[in-house]
Amino acid sequence: MGHGFSTKGADGGPADHVSVPSNPAPHIPVLLAEVLAALGAEAGGDFLDGTFGAGGYTRAILGANPANRVLALDRDPNAIAGGQALVAEGSGRLVLAETEFSCMEDAAREAGFGAFDGIVLDIGVSSMQLDQALRGFSFRQDGPLDMRMAAEGESAADIVNHASETRIADILYHYGEERLSRLIARAIVTDRKAKPFETTRQLADLIGRIVRTRPGDIHPATRSFQALRIAVNDELGELARALHAAERLLKPGGRLAVVSFHSLEDRMVKVFFAARSGRGGGSRYAPVQAAPVTSFRIEGKWPVTAGEAELAANPRARSAKLRAAIRTETAPGDEETSVFALASLPDERASASRAKKGRGRR
Ligand SMILES: C[S@@+](CC[C@H](N)C(=O)[O-])C[C@H]1O[C@@H](n2cnc3c(N)ncnc32)[C@H](O)[C@@H]1O
């Protein structure tokens, strides 16, 4: 690459001064070459990396062309602290900001960026977050039942100890596709009366009593932990808002690339791109179909997934799917309701549609 930034070592863990214990496993950037190609990073320009993590994508974008500038965001203060060495190396070409990627427009304004040539989101948690027991994402190591990426808001323990049985079951079913969601929710509500849930082990043990697995199956708590993490961090709401924000921030010809690890996220990206490129099916029951807003065009075949060599080197890439689209000249559209519907639980969907109809009965 030869521009001071090399993609080698991009997967290095956080720098020494980061306030986290232990030696987290390095985060290996997923589908890196494919993401750089999808962004057109070699052509030069301004890029927004909405999920800085360990800086793997950002470092590679900076290395792809000496004229590239990057605004990188992460809601995790540890990721921001870990990225300061790269900011120093970047001699003014990298701005790093602690914020949600749904707030990318404010962040761009504050950092003095205008429209972008490329925006990338690599949704989900980093290896560092997963591997630090204290963050409470892991069912393999005991830690506080937290799961917050940012340092604020409702924790997993708050949901498990205070949410209604129905809400817990809905979260496990819709965000985790856990078939035994109702049984698990009932057991949680019974057990928490005797002793509130405080640790990841407590919850993983309860789920292990209910979800039976055979050798070779994933850990019984995998789906439930994923579901709680998505709820705690409003990951799907964040994605829905960020897709629309990216549409407003991209230049004509600019590219949006999204890597997701969860079928609901991938469906949201697919539905958004389809709707905004005129490929959305619409509803045959809708009396009048508004003309589609063709603010993106799709070139090539998506999703792109990891090849055998990447899978052998990085098992985390197993469920990664990359989709990308190119911004057109067309003005951004209104909120794509089908995308927001995918992000919400059935109860929230029903009350949103009641409110829309002006009946708001509950
Ligand atoms: C999979 S990692 C990204 C790894 C990165 N591409 C790399 O190569 O090192 C996801 C990162 O996105 C951050 N993140 C997830 N959701 C976010 C959101 N809504 N806003 C900002 N950051 C978010 C997480 O804190 C985590 O650090």
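Rules behind the numbers
- Residues numbered from 1 in each chain as written.
- Predicted model: local features only at pLDDT ≥ 70, side-chain atom pairs only at ≥ 80, totals over all residues.
- Helix = DSSP H or I, 4+ residues; strand = E, 2+ residues; numbered from the N terminus.
- Contact = placed C-beta atoms within 7 Å.
- Core = buried A, V, L, I, M, F, W, Y, C linked by C-beta atoms within 7 Å.
- Buried ≥ 20, exposed ≤ 12 C-beta atoms within 10 Å, placed from the backbone.
- Near = placed C-beta within 6 Å.
- Nonpolar A, V, L, I, M, F, W, Y, C, P; charged D, E, K, R; others polar.
- Arc of directions from axis to C-beta.
- Pairing = 2+ DSSP bridges.
- Axes fitted to C-alpha atoms, helices over the stretch in contact; angles between N-to-C directions.

Draft legend 1. Representation of the overall build of the protein. Within the protein, the secondary structure is distributed over 16 helices and seven strands. Put simply, 69% of the contacts in the protein that link residues at least 6 apart link residues at least 24 apart.

Draft legend 2. Spotlight on the nonpolar core. In terms of nonpolar packing, the biggest core is built from 94 residues, with Val 35, Ile 61, Met 104 and Met 268 touching the most fellow members. No other element matches the eight residues that helix α12 (residues 235-249) contributes to this core. With near-sequence residues (within four places) excluded, Ile 61 lies in contact with Leu 36, Leu 39, Ala 41, Phe 47, Asp 49, Asn 68 and Val 70.

Draft legend 3. The site of the ligand, seen in detail. Residues in contact with the ligand amount to 21 residues; listed here are only the nearest, Pro 29, Thr 51, Gly 53, Gly 56 and Asp 76. A breakdown of the residues in the shell around the ligand according to their chemical character gives eight nonpolar, seven polar and six charged.

Draft legend 4. Local environment of helix α2 (residues 56-64). Within α2, nine of the nine residues are buried, leaving the element largely enclosed by the surrounding structure. Restricting attention to buried positions, one finds in α2 the residues Gly 56, Tyr 57, Thr 58, Arg 59, Ala 60, Ile 61, Leu 62, Gly 63 and Ala 64.

Draft legend 5. Up close: helix α10 (residues 200-210). If you check which residues of α10 are buried, you get Thr 200, Leu 203, Ala 204, Leu 206 and Ile 207. Buried residues along α10 cover an arc of 160° about the axis, so they all sit on one side. On its buried face, α10 sits against α7 (156-162), α9 (181-194) and α11 (222-232).

Draft legend 6. Structural context of the sheet that holds strand β1 (residues 46-49). If you trace the seven strands from one edge of the open sheet to the other, you get β3-β2-β1-β4-β5-β7-β6, paired in mixed fashion. Unpaired on one side and paired on the other, β3 (94-98) and β6 (296-297) mark the two borders of the sheet. As judged from the six bridges shared by strand β5 (residues 250-260) and strand β7 (residues 321-327), these two strands associate in the antiparallel manner. Bridge pairing links Leu 256 to Ala 325 in β7. Each of β1, β2 (69-74) and β3 touches helix α5 (residues 104-111); the most contacted strand, β2, lies at about 130° to it.

Draft legend 7. Inspection of the environment of Leu 94 at higher detail. Residue placement: Leu 94 occurs in strand β3. With 35 residues separating them along the chain, Leu 94 and Arg 59 place their C-alpha atoms 9.2 Å apart. Contact partners of Leu 94, with chain neighbours within four places excluded, come to Thr 58, Leu 62, Val 70, Ala 72, Leu 86 and Val 87.

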